[in-house]
Amino acid sequence: QDDFLMTPFANATTNREHLFNFCFSSTRFYVEQAFGWWKNRWRFLIRASQLSHSEQCMMIYATMILHNICVVCGENERRNWKFLLGQTMVDE
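Remember, it's a predicted structure, so these values are computed and weren't measured experimentally.

Peer 1: Describe the side chain of Thr63, and please don't skip the residues or the numbers.
Peer 2: By the secondary structure assignment, Thr63 is in helix H2 (residues 53–73). With relative accessibility at 4%, the residue Thr63 sits in the buried group. Not counting residues up to four positions away in its chain, the partners in contact with Thr63 are Trp38, Trp42, Phe44 and Leu45.

The following block contains the structure:
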């Protein structure tokens, strides 16, 4: 096992180990939820891409920054970005 990889206790026996496993599981839930919001906002991340590895890394990095900006500014996930870019809104 790697020194840098945190894992839950396989056979927790003490209260401290059970508490660690509970906190570990709770934290993992929030991390998975954040990734779900991020992939839902930037749907192209779900599909295979023809971009190079370097380009894909840049797209991931850029969407993470944009996602965090949206969260901080309170932008709704369903907001139409075409409207923000000055284009006509098709679905309203």
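Peer 1: Outline the layout of surface pockets, listing residues and values.
Peer 2: Size it by volume and the second largest pocket reaches roughly 160 Å³. Taken together, Trp38, Phe44, Leu45, Arg47, Ala48, Ser49, Leu51, Gln56, Met59 and Ile60 form the lining of the second largest pocket. Among the elements that make up the lining of the second largest pocket, the one with the highest residue count is H2 (three residues). Each residue belonging to the lining of the second largest pocket can be placed in one class, and the counts come to seven nonpolar, two polar and one charged.

Peer 1: Lay out the packing of helix H1 (residues 15–41) against H2 in plain terms, naming residues and giving numbers.
Peer 2: Interaxial distance between H1 and H2 falls to 10 Å at its minimum, and their mutual angle equals 105°. Classified by the interaxial angle, the pair formed by H1 and H2 is roughly perpendicular. In this structure, H1 uses Ala34, Trp37, Trp38 and Arg41 to contact H2, whose residues at the interface are Ile60, Thr63, Met64, His67 and Cys70.

Peer 1: Describe in detail a nonpolar patch on the surface, supporting the description with residues and values.
Peer 2: A cluster of nonpolar side chains, contributed by Tyr61, Ile65, Leu66 and Ile69, occupies part of the molecular surface with about 390 Å² of accessible area. Tracing the backbone through its elements, the reader meets Ile69 in helix H2. Taking the relative accessible area as the measure of exposure, Ile69 reaches 45% and is therefore partly exposed.

What counts, and where the lines are drawn
Residues numbered from 1 in each chain as written. Predicted model: local features only at pLDDT ≥ 70, side-chain atom pairs only at ≥ 80, totals over all residues. Heavy atoms only, no water. Helix = DSSP H or I, 4+ residues; strand = E, 2+ residues; numbered from the N terminus. Buried < 20%, exposed > 50% of the residue type's maximum accessible area, 1.4 Å probe, protein only. Contact = heavy atoms within 4.5 Å. 1 Å grid on protein atoms, 1.4 Å probe; cavity = no way out; pocket = protein on both sides within 12 Å on 5 of 7 lines; lining within 4 Å. Points joined across faces, edges and corners; volume = space filled by probe spheres on them. Nonpolar A, V, L, I, M, F, W, Y, C, P; charged D, E, K, R; others polar. Axes fitted to C-alpha atoms, helices over the stretch in contact; angles between N-to-C directions. Parallel < 35°, antiparallel > 145°, perpendicular 65-115°, else oblique. Patch = residues over 30% accessible without salt bridge, like charges linked within 9 Å, V, L, I, M, F, W, Y side chains within 5 Å. Areas by Shrake-Rupley, 256 points an atom, 1.4 Å probe, with all protein chains shown as cover. Salt bridge = Lys/Arg side-chain N within 4 Å of Asp/Glu carboxyl O.

So far we have only geometry, and geometry alone does not tell us how the molecule works.
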